[in-house]
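Below are the chains, spelled out letter by letter.
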Amino acid sequence: MASQAKMIVDKDFTIGSIDSRIYGSFIEHLGRAVYGGIYEPGHPQADELGFRKDVFELVRALDVPIVRYPGGNFVSGYNWEDGVGPKEERKRRLELAWRTIETNQFGFNEFADWTKKANTQAMMAVNLGTRGPDEARNLVEYSNHPSGTYWSDLRRSHGYEQPHGIKTWCLGNEMDGPWQIGAKTAVEYGRIAAETAKVMRWVDPTIELVACGSSSRTMPTFPEWEATVLDHTYNYVEYISLHQYYSNAEKDTPTFLARSVEMDRFIDSVIATCDYVKAKKRSKKTMYLSFDEWNVWYHSKEADSKLEPWQIAPPQLEDIYTHEDALLVGCMLISLLKRADRVKMACIAQLVNVIAPIMTETGGKAWKQTIYYPYLHASLYGRGTALVPLIQTPKYDTPSITDVPYLESIAIHNEEKSEVTIFAVNRHLDEALTLQVDLRSFGGCRLIEHIVLEHGDLKAANTAERPDNVTPHQRGSAAVDGSSVTAQLNKASWNVIRLKIS
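Values in this document were obtained by computation on a predicted structure and should not be read as measured data.

J.: Kindly report on the sheet that holds strand β3 (residues 24-26), identifying the contributing residues and their values.
T.: Neighbouring strands of a sheet are bound in pairs by backbone hydrogen bonds; such pairs are parallel or else antiparallel. With parallel pairing, the eight strands of this closed barrel are ordered in space as β3-β4-β7-β8-β9-β10-β11-β12. On average, adjacent strands in this sheet sit at an angle of 30° to one another, irrespective of strand direction. Bridge count for β3 against strand β4 (residues 66-69) is two bridges, and the pairing is parallel. When the sheet's bridge partners are listed, Ser25 is paired in β4 with Val67. On top of the sheet, helix α8 (residues 259-280) reaches β10 (239-246), β11 (288-296) and β12 (343-348); it is set at about 160° to β10, its chief contact.

Here is the structure:
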């Protein structure tokens, strides 16, 4: 017999408005994310600029609102000037972060072109590892100033008369990490980030800025790093970043699926730290969060360790995702939505080939990984206002995480479309869960559809040979009676229950 769970949602009990940029993604000069991923001149599906049209189709379907670029660890050793101007004059460089050769055939302007064609916006990162305020302000001038100066006129000479108008900028990447080129203490980073922010905004007062938070919740300096960095940057930035990846290398699926509970705690700790600095400074400004790297990552690490260095675009970090990975990605998306009042941007890392929802063969086909589907559903149907979920559910314990709810869920009210969408994961690996949802404040509703992602094998994956092995169906059991919804959530399943408000 299925276990029972209940949820009450009220349209007046809101968490906050969902910023569409919470469904962002990430493209780094790493592996085949760029070369062989989004950019492959000579491919049968390449357009006139060398962009893969089959990848465009999959990206556009996701309705990705913002894409972070060019890194990631890559950015801390990157000279942006290498990637602009005539391609035949661009220099090849040793890329030290991932130990490859960077040809620079794809750079800043190519990415700006790609974002326009992909119907998305750019989140640009500047190098605060080997470089600093001068190079950052020059890049903003090159990108956003109309004309009449050295850098803006250089852009025009490269064929871009109009400014790119990029508005969102990251002040470096993971600067607390000893693996990072030019890693810094919190004070060192806080100072350079503040000074860089000042001059970037003096060039263009309309931009918004993201300071580097901790590289993960497990960093020994977390959350002292955030407190120190924000002490220096609070008046100059709008966001602080969070990064987190999860692994099931231990082959403990119940614990793996519980990791989003840790993600909840991570987010809450960063919010508390931000609010501590706000109180310390007697500020009226609220600091928002940019969770600009998150995903599952562990499948490819052994293969990556065997790669020969100094190749061009080798297959790095090409995790092939399973059904259980898709379940955790669904839970992580719900974690972001549960704090939509403070998490305003997020980037699943990455978009193509590198720990990504989209995979390609160089010269061949493109296909959707298992994690593509919860990301797709959340992006398409998770727009509007996040509602407070009052949930009663059975729970379980793991050796490291206790009181893990079998039901992970959130409801989204899209007032413009007169729709409510319920996202729900049943973490139970052996039993179905009967869910009753009380929508008492909405009056009558009717079911649009109940989408389910499930598979009998938790390790099932999509591959080039079997791209449709794990795909969602619309045979969910949800039924509506007035303002009450009853649905069976099958074991180990991701569910999307879409409702039309009468």
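J.: Kindly report on the environment of Phe51, identifying the contributing residues and their values.
T.: Within the fold, Phe51 resides in the loop between β3 and α1 (53-62). Between the alpha carbons of Phe51 and Gly36 there is a distance of 9.5 Å; along the sequence they are 15 residues apart. Aside from chain neighbours lying at most four places away, what touches Phe51 is Ile38, Tyr39, Gln45, Ala46, Phe56, Phe106, Glu110, Asp113, Trp114 and Lys117.

J.: Please set out the packing of helix α10 (residues 323-338) against helix α11 (residues 372-381) residue by residue, giving values where relevant.
T.: Contact pair α10 / α11: the axes reach a minimum separation of 8 Å and the direction vectors enclose 25°. In terms of their interaxial angle, α10 and α11 are classed as roughly parallel. Between α10 and α11 lies a crossing of right-handed hand. Together, Ala326, Val329, Gly330 and Leu333 of α10 and Pro374, Tyr375 and Ala378 of α11 make up the contact between the two elements. Counted by class, the contact of α10 with α11 contains six nonpolar, one polar and no charged residues.

J.: Just give me the short version of α11, but keep the residues and values in it.
T.: Of all 10 residues in α11, eight are buried, a share of seventy percent or more. Among the residues making up α11, those that are buried are Tyr372, Tyr373, Pro374, Tyr375, Leu376, His377, Ala378 and Ser379.

J.: Can you tell me about the state of the cysteines, naming the residues and giving the values?
T.: Per the stated rule, a full pass over the model turns up zero disulfides. Distance from the sulfur of Cys274, which forms no disulfide, to the nearest cysteine sulfur (Cys212) is 14 Å. Not engaged in a disulfide, the cysteine Cys347 finds its nearest cysteine sulfur in Cys170; these two sulfurs lie 7.2 Å apart.

J.: Could you give an account of the packing of helix α3 (residues 133-144) against helix α5 (residues 186-203), with specific residues and numbers?
T.: Their axes nearest at 9 Å, the elements α3 and α5 cross at an angle of 25°. Overall, the two elements α3 and α5 adopt an arrangement that is roughly parallel. Classified by chirality, the crossing of α5 by α3 is right-handed. On α5, the residues touching Pro133, Ala136, Arg137, Val140 and Glu141 of α3 are Ile192, Glu195, Thr196, Val199, Met200 and Val203. Along the lines of polarity and charge, the residues of the contact of α3 with α5 split into seven nonpolar, one polar and three charged.

J.: Can you tell me about the sheet that holds strand β21 (residues 433-438), naming the residues and giving the values?
T.: Strand order in this open sheet of five strands is β16-β1-β21-β24-β23, and the pairing throughout is mixed. Every interior strand has two partners, whereas the edge strands, β16 (390-392) and β23 (479-481), have only one. Each adjacent strand pair in this sheet contributes to an overall mean axis angle of 20°, direction not counted. In this structure, β23 lies alongside strand β24 (residues 484-489), joined through three bridges in antiparallel fashion. Across the sheet, the residue bridging to Val480 is Val485, located in β24.

J.: Report on the side chain of Ser290, specifying residues and quantitative values.
T.: Note on placement: Ser290 falls in strand β11. Leaving out residues up to four positions away in the same chain, Ser290 has contacts with Met123, Val210, Tyr239, Ile240, Ser241, Leu242 and Met345.

J.: Describe the nonpolar core, naming the residues involved and giving the relevant values.
T.: Taken as a class, soluble globular proteins show a tendency for nonpolar side chains to be buried jointly. Ranked by internal contacts, the top residues of the largest apolar core, which has 126 residues, are Phe106, Trp114, Trp169, Leu171, Tyr189 and Phe291. In terms of residue count, α10 provides more of this core than any other element does, 10 residues in total. Each residue touching Trp169, except ones within four places of it in the same chain, is listed here: Met124, Val126, Leu139, Val140, Ser143, Asn144, Met200, Ile207, Glu208, Leu209 and Val210. Counting 22 residues, the second largest nonpolar core, distinct from the first, contains Leu439, Phe442, Ala478 and Leu499.

J.: Describe the pattern of salt bridges, with residues and values.
T.: In total, this model carries 34 salt bridges according to the counting rule given. Ionic pairing is found between Glu208 and Arg21, a salt bridge with its closest N-O pair at 2.4 Å. Here the residue Glu208 occupies a position in strand β9 (residues 208-211), and Arg21 occupies one in the loop between β2 (14-17) and β3, the gap between them amounting to 187 residues. By the burial criterion, Glu208 is buried, and Arg21 matches it.

Parameters and conventions
Residues numbered from 1 in each chain as written. Predicted model: local features only at pLDDT ≥ 70, side-chain atom pairs only at ≥ 80, totals over all residues. Heavy atoms only, no water. Pairing = 2+ DSSP bridges. Helix = DSSP H or I, 4+ residues; strand = E, 2+ residues; numbered from the N terminus. Axes fitted to C-alpha atoms, helices over the stretch in contact; angles between N-to-C directions. Contact = heavy atoms within 4.5 Å. Parallel < 35°, antiparallel > 145°, perpendicular 65-115°, else oblique. Left-handed = near helix turned anticlockwise from the far one by under 90°. Nonpolar A, V, L, I, M, F, W, Y, C, P; charged D, E, K, R; others polar. Buried < 20%, exposed > 50% of the residue type's maximum accessible area, 1.4 Å probe, protein only. Disulfide = S-S within 2.5 Å. Core = buried A, V, L, I, M, F, W, Y, C linked by side-chain atoms within 4.5 Å. Salt bridge = Lys/Arg side-chain N within 4 Å of Asp/Glu carboxyl O.

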